[in-house]
Amino acid sequence: MGTLSPWAVLVLPVVLVGLWAPCVVNGLPNFIVILADDVGWGDLGANWAETKETPHLDQLAAEGTRFVDFHSAASTCSPSRASLLTGRLGVRNGVTHNFAISSVGGLPLNETTLAEVLREAGYSTGAIGKWHLGHHGRHHPNFRGFEYYFGIPYSHDMGCTDTPGYNLPPCPPCPRHGTATRVARKDCYTEVALPLLENVTIVQQPVELGSLATRYAEEAAQFIRRASNSGRPFFLYLALAHMHVPLTPPLPPAPGRGIYGATLSEMDALVGWIKQVADSHGKGSTLLWFTGDNGPWAQKCELAGRLGPFVGAWQRQRGGSSAKQTTWEGGHRVPALVYWPGRVPAKRTSHALLSILDIFPTLVALAGAALPPNRRFDGLDVSPVLFGWSDVGHKVLLHPNSGAAGKVGEIETLRLAQYKAFYTTGGAMACDGSTGPAQQHQPPLIFNLDRDIQEQEPLDVASMEYQAVLPAISRAYARALQDIAADNVSIADYSQDPAAVPCCNVQHVGCRCRGARAATPQLRVERGTTRLC
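Residues numbered from 1 in each chain as written. Predicted model: local features only at pLDDT ≥ 70, side-chain atom pairs only at ≥ 80, totals over all residues. Heavy atoms only, no water.

- The name given to the protein in an unreviewed UniProt entry is Arylsulfatase G, with Menura novaehollandiae as the source organism.
- Here the protein is described in UniProt, under the heading Sequence similarities (unreviewed entry), as follows: "Belongs to the sulfatase family."
- Looking at the protein in UniProt, the text filed under Subcellular location (unreviewed entry) is "Lysosome". (UniProt positions renumbered as here; feature names shortened; annotations may be inferred.)

### Considerations on the overall build of the protein
Now for step 1: Each helix and strand counted, the protein has 12 helices and 18 strands in total.
Now for step 2: For the protein, buried positions account for 62% of its 533 residues.
Now for step 3: Total accessible area computed for the protein in this model is approximately 19,400 Å², and 55% of it derives from carbon and sulfur atoms. (Helix = DSSP H or I, 4+ residues; strand = E, 2+ residues; numbered from the N terminus. Buried < 20%, exposed > 50% of the residue type's maximum accessible area, 1.4 Å probe, protein only. Areas by Shrake-Rupley, 256 points an atom, 1.4 Å probe, with all protein chains shown as cover.)

### A closer look at the state of the cysteines
Now for step 1: Within this structure, the stated rule accounts for 5 disulfides.
Now for step 2: Across a sulfur-sulfur distance of 2.0 Å, cysteine 171 and cysteine 188 are joined as a disulfide pair. Here the S-S torsion is close to -85°, and the disulfide linking cysteine 171 with cysteine 188 is therefore left-handed. Here cysteine 171, found in the loop between strand E5 (148-151) and strand E6 (196-198), pairs with cysteine 188, found in the loop between E5 and E6; they are 17 residues apart in sequence, far enough to count as distant.
Now for step 3: Across the protein, the way the bonded cysteines pair up, counted in sequence order, is 1-3, 2-4, 5-6, 7-9, 8-10. (Disulfide = S-S within 2.5 Å.)

### With respect to the sheet that holds strand E11 (residues 348-350)
Now for step 1: If you trace the 10 strands from one edge of the open sheet to the other, you get E7-E6-E5-E4-E8-E1-E9-E10-E2-E11, paired in mixed fashion. Edge positions in the open sheet fall to strand E7 (201-204) and E11, since each of these has one partner strand only. This sheet shows a mean twist of 20° between the axes of neighbouring strands, independent of strand direction.
Now for step 2: In this fold helix H2 (residues 55-63) packs onto strand E2 (65-67), strand E9 (286-292) and strand E10 (336-339), with an angle of close to 60° to the strand it touches most, E10.
Now for step 3: Where helix H10 (residues 359-366) meets the sheet, it contacts strand E1 (30-36), strand E8 (234-239) and E9, and its direction lies at approximately 180° from that of E9. (Pairing = 2+ DSSP bridges. Axes fitted to C-alpha atoms, helices over the stretch in contact; angles between N-to-C directions. Contact = heavy atoms within 4.5 Å.)

### Comments concerning the confidence of the model for the protein
Now for step 1: Of the residues in the protein, 88% reach a pLDDT of 70 or more, and the chain-wide mean stands at 88.
Now for step 2: A low-confidence stretch, residues 1-25 stays under pLDDT 50, and its non-local contacts, those more than four residues away or across chains, total 58 contacts.
Now for step 3: Low pLDDT (under 50) marks residues 515-533, which in the prediction has 46 contacts with non-local residues, meaning those over four places away or in another chain. (pLDDT = per-residue confidence, 0-100.)

### What to know about the sheet that holds strand E13 (residues 396-400)
Now for step 1: Pairing within the open sheet is antiparallel, and its 4 strands lie in the order E13-E14-E15-E16. Pairing within the sheet leaves two strands with one partner each, and these edge strands are E13 and strand E16 (439-448). Along the sheet, successive strands turn relative to each other by an average axial angle of 20°, direction set aside.
Now for step 2: Across 4 bridges, strand E14 (residues 411-416) lies against strand E15 (residues 419-425) in antiparallel orientation. The residue of E15 that forms the bridge with threonine 413 is phenylalanine 422.

### Quick notes on the packing of aromatic side chains
Now for step 1: This structure, assessed with the given rule, holds 17 aromatic pairs.
Now for step 2: Ring centres 5.9 Å apart and planes at 85° place the aromatic pair tryptophan 131 and phenylalanine 146 in the edge-to-face group. Highlighted residues: tryptophan 131 in the loop between strand E4 (124-129) and E5 and phenylalanine 146 in the loop between E4 and E5, separated in sequence by 15 residues. Taken individually, tryptophan 131 and phenylalanine 146 each receive the classification buried, so the pair is uniform in this respect.
Now for step 3: What links up through ring pairs into an aromatic cluster is the set Trp131, Phe146, Phe235 and Tyr237.
Now for step 4: Residue placement shows lysine 300 over the ring face of tryptophan 297; its charged tip is 4.5 Å from the ring centre.
Now for step 5: Of note, arginine 343 hangs over the ring of tryptophan 340, and the distance from its end group to the ring centre comes to 4.5 Å. (Phe/Tyr/Trp six-rings, centres within 6.5 Å; stacked < 30°, edge-to-face > 60°. Lys NZ or Arg CZ within 6 Å of the ring centre and 35° of its normal.)

### Considerations on the nonpolar core
Now for step 1: With 69 residues, the main nonpolar core has Phe235, Tyr237, Trp289 and Leu363 as its most contacted residues.
Now for step 2: Looking at this core element by element, the count peaks at 8 residues for helix H12 (residues 464-485).
Now for step 3: Apart from the residues lying within four places of it in its own chain, the contact partners of tyrosine 237 are Val33, Leu35, Arg81, Leu84, Leu85, Gly126, Ala127, Ile128, Trp131 and Phe146.
Now for step 4: Judged by nonpolar contacts, the second largest core, of 53 residues, contains Ile32, Ala227, Met243 and Leu288. (Core = buried A, V, L, I, M, F, W, Y, C linked by side-chain atoms within 4.5 Å.)

### Remarks on the environment of alanine 127
Now for step 1: Mapping alanine 127 onto the fold places it in strand E4.
Now for step 2: On the accessibility criterion, alanine 127 (2% relative accessible area) is buried.
Now for step 3: Considered as a pair, alanine 127 and phenylalanine 235 are 108 residues apart in the sequence and their alpha carbons are 8.5 Å apart.
Now for step 4: For alanine 127, the contacting residues outside a window of four places in its chain are Phe146, Tyr148, Tyr149, Phe150 and Tyr237.

### Focus: H10
Now for step 1: By the criterion of burial, H10 is predominantly enclosed, with 7 of the 8 residues buried.
Now for step 2: Looking at H10, one finds that the buried residues are Ile359, Phe360, Pro361, Thr362, Leu363, Val364 and Leu366.
Now for step 3: Just past H10, the residue glycine 368 takes up positive phi, approximately 70°.

### With respect to helix H6 (residues 212-230)
Now for step 1: Spanning 19 residues, H6 covers 27 Å between terminal C-alpha atoms, matching the ideal 27 Å at 1.5 Å per step.
Now for step 2: By the burial criterion, the buried members of H6 are Leu212, Ala213, Thr214, Tyr216, Ala217, Glu219, Ala220, Ala221, Phe223, Ile224, Ala227 and Ser228.
Now for step 3: Immediately beyond the C-terminal end of H6, within one or two residues, lies glycine 231, with a positive phi of roughly 80°. (Expected span 1.5 Å × (residues − 1).)

### Considering the pairing of E8
Each regular strand shows side chains that alternate between the opposite faces of the sheet.
Now for step 1: Of all 6 residues in E8, 6 are buried; the element is thus mostly enclosed.
Now for step 2: Where burial is concerned, the two faces of E8 agree: the one with Phe234, Leu236 and Leu238 and the one with Phe235, Tyr237 and Ala239 are both buried.
Now for step 3: Sheet topology note: the E1/E8 ladder contains 5 bridges and is parallel. Looking at the pairing, leucine 35 lines up with alanine 239 of E8.

### Quick notes on the environment of threonine 161
Now for step 1: Among the structural elements, threonine 161 can be located in the loop between E5 and E6.
Now for step 2: The spacing of threonine 161 and arginine 512 is 351 residues in sequence and 9.8 Å in space, taken between C-alpha atoms.
Now for step 3: A distance of 3.5 Å separates a polar atom in the side chain of threonine 161 from the backbone oxygen of threonine 163. (Polar contact = N/O pair within 3.5 Å; in protein donor to acceptor, adjacent residues only side chain to side chain.)

### So, the packing of H6 against helix H7 (residues 258-279)
Now for step 1: Interaxial distance between H6 and H7 falls to 10 Å at its minimum, and their mutual angle equals 15°. Overall, the two elements H6 and H7 adopt an arrangement that is roughly parallel. Regarding H6 and H7, the two cross each other, and that crossing is right-handed. Contacts between H6 and H7 involve Ala213, Ala217, Ala220, Ala221 and Ile224 from the first element and Glu266, Leu270, Trp273, Ile274 and Val277 from the second.
Now for step 2: Residue classes in the contact of H6 with H7 are distributed as 9 nonpolar, no polar and 1 charged. (Parallel < 35°, antiparallel > 145°, perpendicular 65-115°, else oblique. Left-handed = near helix turned anticlockwise from the far one by under 90°. Nonpolar A, V, L, I, M, F, W, Y, C, P; charged D, E, K, R; others polar.)

What follows is the structure in structure tokens.
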């Protein structure tokens, strides 16, 4: 796994030479959004006292503001990332479930990304890490507003490697010979090696997972240096491989920590390093926003994250997981920290109801730019909350199905103040292999989260409290559906074609690249699209 601590911290400061660039002349802030993968709300020590592996993130919380009622816009990868970059739910932007390695489409091209808006406003834009919003043709990040891209086009377990990381079930390494040596494993990608891209060029296939975290840190520092030297403000979107499934571990895990804890420590060190680099360019010039794309992947058992108190007890009693892919709190309530010295208050905890959807409109407003026209947004400009002037966020927040039960993307759950109403329930696959049955609820199940954060006992439908809140919930739900129906809604292309699979050497088994980086072919651009294979 190539841990960043201690050895990488000794090596990486070389990158700091020359980073003391002049301040951005126009006064616009820099933005760094760090998105962790499948991280649990309880994976931060600042949130959950049992967690001891996150000293850098805990320091970030102490020097900034911690948001404890912060939610992803979906509870699986592609839809959550699409919502971050558009400020719109999947039922609006078209991304309702994950894209495949052979997907032809991606985030619809008529959707405007945060990077496109900020680039138009004069920002240098870069994306490093996991993309998972389409890699074929003009869905590649270089065509979605990012001037620079370095990373894996999807999850790091969606391709074979020579040194596979930990996974459940374990996956075999890439084949090196003919098809006779290939071994099919459930939930494993054994046919095509995992690619690493720099812009539209495959620079390594298969990826060396052990050095991936360090390479991401180095590339992020290089991007910040280049942008700062140019005198332009920058937007860096750093989508980490952590904590999806652990990369190869650097050392035997410390007693009581386990493999997941060692990986969590590596992520923590990486985030601490990025903060150090950002501060080296002038403390107070950069807003850093850390959060997660969804909750833990429970079916990975000891390789999954910590839910904290958000256990979804009602669902667990009926089978299945209440984490990733579900609309229970463990599926979408994620850690969130904002650090901006001199602007965002330190040592503050906010209970405002916020969402990953708010990143788009908030950063656009702080950049002095305008939201794209002719569409409606689910996110809010929450800069007053960031600055500590208010602690009021969303009145209503919608949660779509992300694969556990019902139609993907459909709004199944609604939050109104402290009340949460479920029109459909279901559990994702749990560690024991169980999945909870899908159930429709009319009238809806309603939980009072102020009293029942574990979502254990819904309100009695005959109670005065239930009867008092049901009309407001019903009105909010109906208005939300009407608003979506009246919007300019996009439709994503989920068709697949083997030719869309990133492959740097079609003649070699597994698409393996031999030799140095120079031997890797440039991805061709034909009629305005990139060809990856």
